[in-house]
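Analysis of the macromolecular model
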Amino acid sequence: MKRKNVLFICIHNSARSQMAEAFLNQICGDTFAAHSAGVEPGELNPVVVEAMREIGVDISGNRTKSVFEMIKSGKLFAYVIAVCDEASAERCPIFPGVATRLHWGFPDPSGFQGTPAKKLAKTREIRDAIKSKIEQWCAEVCPPAV
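Report follows, based on the coordinates. (Residues numbered from 1 in each chain as written. Predicted model: local features only at pLDDT ≥ 70, side-chain atom pairs only at ≥ 80, totals over all residues. Heavy atoms only, no water.)

**Remarks on the pattern of salt bridges**
Just so we agree on the cut-off: The salt bridge definition used is simple: a Lys or Arg side-chain nitrogen within 4 Å of an Asp or Glu carboxyl oxygen. Secondary structure is summarised from DSSP: a helix means a run of H or I of at least four residues, a strand means a run of E of at least two, and numbering begins at the N terminus for each. Between buried and exposed lies partly exposed: a residue is buried under 20% and exposed over 50% of the maximum accessible area for its type, with that area taken using a 1.4 Å probe on protein chains only.
Following the criterion strictly, the structure yields 5 salt bridges and no others. The residue Arg127 makes a salt bridge to Glu54 at a minimum N-O spacing of 3.3 Å. Taken together, the positions of Arg127 in helix 4 (residues 116-141) and Glu54 in helix 2 (residues 46-54) put the pair 73 residues apart, joining distant regions of the chain. By relative accessible area, which is 6% here, Arg127 ends up buried. We classify Glu54 as partly exposed; its relative accessible area is 39%. Of the charged contacts, one joins Asp128 and Arg127 as a salt bridge, the two residues approaching to 2.8 Å between their closest N and O atoms.

**A word on helix 2**
Let me state the cut-off plainly: As used here, the arc belongs to the directions running from the helix axis to the C-beta atoms. Contacts were defined at the residue level, with two residues in contact if any of their heavy atoms lie within 4.5 Å. We define a polar contact as two N or O atoms separated by no more than 3.5 Å, with the added condition that, inside protein, one atom must be a possible hydrogen donor and the other a possible acceptor, whereas residues neighbouring each other in sequence contribute only through side-chain atom pairs.
When helix 2 is considered as a whole, its buried residues turn out to be Val48, Val49, Ala51 and Met52. Within helix 2, the buried residues cover an arc of 165 degrees as seen down the axis, which keeps them to one side. Buried residues in helix 2 make contact with helix 1 (16-28) and helix 4. One side-chain oxygen at the N-terminal end of helix 2 lies 2.8 Å from the backbone nitrogen of Val47; it belongs to Asn45. Positive backbone phi, approximately 85 degrees, marks Gly56, located one or two places after helix 2.

Quick look at the structure:
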């Protein structure tokens, strides 16, 4: 069975979409090939890299990608999932093409305030929420193992 492409999009492709891509490839990689991109790609958020490393997922070698880069790739996506929060939803990119579009809003770790420990704690909450959402979605859309 050919894996279906899924694209997670957000503003900077530095945190939420990177986590979602990693989790989908880990949890339901037999069914889906996850990708991620942002409208204004930045640098990977080091707090997110650390939070993912804590649970054995290394995204430190990932690079941020632009939505335009994904459009130019010519890939067809079965699903395009925006992970922008409500506050930045108007800036969250639109992706052309025929795809099922979903919106899963999560707060942006780059906006977290406080000590490094508080930022990491809040990032862990977002990480765990994204993982839980991916697990729930995969349970609904992935074919059962035979």
